[in-house]
Amino acid sequence: MSDSPLLQIADLWVTYRQRSLLGLGGTSFHAVKGANLTIRSGETLGLVGESGSGKSSLANTVLGLVPASSGCIKFDNVDLASLGSRYPLPVRKQIQAVFQDPYSSLNPSMTVEDIVTEPLRVHTRMSKVERRARAIELLRLVSLQEEHLNRHPHQFSGGQRQRIAIASALALQPKLIVLDEPVSALDVSTRNQIINLLYERRDQFGIAYLLIAHDLALVHHISDRIAVMYLGHIVEEGPSDRVYKSPAHPYTRALLDAVPLLDPARQRARRAQRKLSPAQETQRVAETGCPYKNRCPLVMPRCQTETPPAYPVDGGGVANCFLYASDQVRQSEQRERKAL
Ligand SMILES: Nc1ncnc2c1ncn2[C@@H]1O[C@H](COP(=O)(O)OP(=O)(O)O)[C@@H](O)[C@H]1O
Ligand SMILES: [Mg+2]
């Protein structure tokens, strides 16, 4: 893992505009609001948050599938945000993607060989024979075999289809793979197998991952850092272990509490403790103040009117929460005392 940022996202906004039926006016919806993120070479950043928080919008902007409305996405020192969807081929080659549902992302009429060798056909001058040989290598990397080459996606289980999607993403030895909920559609034991597979291939090839999930517990082992997203905002970011073991932002704490527990009695007790209903969770939040103020059990008067900036947190990383504002004062006082 090197120290140079591979992907640097600064003050990224993603806005969807919906025209009214008569074509007059219309509304704007900000799905990503001023996100800042950094991924270094070979590093895995886990991006977590509940459904609708803007994770896919952020990912699709990195992939050039959705335009950024403002901000900067620097990949290997190229500003992708200014390129729209016209990424030059050398950049396109370096950023690959795996999506949640391999059934809709894999073309059903193509064979596994066609799917896995498609990136090689587009980006390299390899002959058909060379591509076939590489396809066999790639299938072995995801624990599938040569005999699978001539089959079609529907002949595989969900987990196997995701292995095919991963093989295709690995074909060009990219620097970054964007994985948008790659295991959410799979059963629990298959999830762990796919996460382990991703873990092994990452360490083998030094690939960086932007790994999106709604389950923090599932991705914390594989992630170096975790960013937590809520209603378009990144509300916390930091080293994976710190975020998982000592979540700083009240939303991250709630997200960890919401992880299903195996013991049904404990699950019931947790559910009873939860203060807000799902209906309240989706209620519209006014743009002023903290985005989490309507759900936060620790809300303070200033959270209603001021938007919290990113404050450093003990153990590393930041949380956009006024609970840590006093820590910042304390830390700067300590620094001043040391400097004297
Ligand atoms: N193409 C679109 N047009 C309008 N709104 C969209 C579009 N795509 C997503 N959204 C909205 O943006 C918000 C964030 O969505 P998304 O990025 O898919 O979140 P997540 O991946 O975290 O579930 C949601 O409220 C969703 O309804
Ligand atoms: Mg999504």
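Please refer to the structure higher up on the page.
Every residue gets a number counted from 1 within its own chain, in the order that chain's sequence is written. Chain A is the first chain written and ligand 1 is the first ligand written, with later ones labelled in order. Given that the model is predicted, a residue must reach a pLDDT of at least 70 before its local features are reported, and side-chain atom pairs must reach 80 or more before they are shown or counted; all residues, however, enter totals for whole chains, interfaces and linings. Side-chain measures here rest on the full set of heavy atoms in the structure, leaving out hydrogens and waters.

**Regarding the sheet that holds strand β4 (residues 70-75)**
At least two DSSP bridges between two strands are required for those strands to pair. The secondary structure listing takes helices from DSSP runs of H or I that are at least 4 residues long and strands from runs of E that are at least 2 residues long, numbered from the N terminus. Read from one edge of the open sheet, 4 strands run β2-β1-β4-β5, paired in antiparallel fashion. Bordering the open sheet on either side are β2 (27-40) and β5 (78-79), each of which pairs with just one other strand. With 5 bridges connecting them, strand β1 (residues 5-18) and β4 associate as antiparallel partners. Pairing of Q8 across the sheet is with K74, part of β4.

**Points about the packing of helix α4 (residues 112-123) against helix α5 (residues 128-141)**
If you want to describe how two helices pack, look at the angle between their axes and the distance between the axes. Between N-to-C directions, angles cover 0 to 180 degrees, with each direction set by a line fitted to C-alpha atoms, over the stretch in contact for helices. For the pair α4 and α5, the least separation of the axes is 9 Å and the interaxial angle reads 115 degrees. Classified by the interaxial angle, the pair formed by α4 and α5 is roughly perpendicular. In the packing of α4 onto α5, the handedness of the crossing is right-handed. In this structure, α4 contributes V112, E113, V116, T117, L120 and R121 to the contact, and α5 contributes K128, R131, R132, R134, A135, L138 and L139. What sets the label is the angle itself: under 35 degrees gives roughly parallel, over 145 gives roughly antiparallel, 65 to 115 gives roughly perpendicular, and the rest give oblique. Handedness of a crossing follows from how the near helix is turned relative to the far one, being left-handed for an anticlockwise turn of less than a right angle and right-handed for a clockwise one. The contact criterion used is simple: two residues touch if any of their non-hydrogen atoms lie within 4.5 Å.

**Thoughts on the side chain of H220**
If you trace the backbone, H220 turns up in the loop between α8 (216-219) and β9 (225-230). The buried category is assigned to H220, whose relative accessible area is 8%. If sequence neighbours within four positions are ignored, H220 has contacts with I226, S240, D241 and Y244. Between buried and exposed lies partly exposed: a residue is buried under 20% and exposed over 50% of the maximum accessible area for its type, with that area taken using a 1.4 Å probe on protein chains only.

**Focus on the pairing of strand β3 (residues 44-48)**
A regular strand places its side chains so that they alternate between the two faces of the sheet. With 5 of its 5 residues buried, β3 lies for the most part within the structure. Sheet topology note: the β3/strand β8 (residues 208-213) ladder contains 5 bridges and is parallel. Pairing of T44 across the sheet is with Y209, part of β8. Bridge count for β3 against β9 is 4 bridges, and the pairing is parallel. Bridge pairing in β9 places V48 opposite V228.

**Structural notes on helix α6 (residues 158-170)**
Think of an α-helix as 3.6 residues a turn; residues three or four steps apart then line up on the same face. By this rule, a helix spans an expected 1.5 Å times one less than how many residues it contains. With 13 residues, α6 ought to run about 18 Å at 1.5 Å a step, and its terminal C-alpha atoms sit 18 Å apart, in line with that. Judged by how many residues are buried, α6 sits mostly within the fold: 11 of 13 residues are covered. Restricting attention to buried positions, one finds in α6 the residues G159, R161, Q162, R163, I164, A165, I166, A167, S168, A169 and L170.

**Thoughts on the pairing of strand β7 (residues 176-180)**
The buried fraction of β7 is high, at 5 of 5 residues. Along β7, one buried face is formed by L176, V178 and D180 and the opposite face, lined by I177 and L179, is buried too. As paired strands, strand β6 (residues 95-98) and β7 are joined by 4 bridges and run parallel to one another. Residue pairing across strands places Q96 opposite I177, the latter belonging to β7.

**Some remarks on the site of ligand 1**
Near residues are defined by distance, with any heavy atom within 4 Å of the molecule or strand qualifying the residue. By nearness alone, every residue bordering ligand 1 is listed as Y16, Q18, F29, A31, E50, S51, G52, S53, G54, K55, S56 and S57. In this structure, G54 approaches ligand 1 through a main-chain N or O atom, which is 3.0 Å from an oxygen atom. Pairs of N or O atoms within 3.5 Å make up the polar contacts considered here, provided that, within protein, one atom can donate a hydrogen while the other can accept it, and that residues adjacent in sequence are counted only when both atoms are side-chain atoms. Between ligand 1 and S56, the relevant distance is 2.8 Å, taken from an oxygen atom to a side-chain nitrogen or oxygen of the residue. Contact with the protein chains hides 62% of the accessible area of ligand 1, taken as 560 Å² for the molecule alone. Listing elements by their share of the shell around ligand 1, those giving two or more residues are β1, β2 and α1 (55-62). Top contributing element to the shell around ligand 1 by residue count: α1, with 3 residues. When the residues that make up the shell around ligand 1 are grouped by side-chain class, the tally is 3 nonpolar, 7 polar and 2 charged. Here the accessible surface of atoms and residues is derived via Shrake-Rupley with a 1.4 Å probe, and residues count as covered only by protein chains that are part of the display. Residue type decides the class: Asp, Glu, Lys and Arg count as charged, Ala, Val, Leu, Ile, Met, Phe, Trp, Tyr, Cys and Pro as nonpolar, and the leftover types, Gly among them, as polar.

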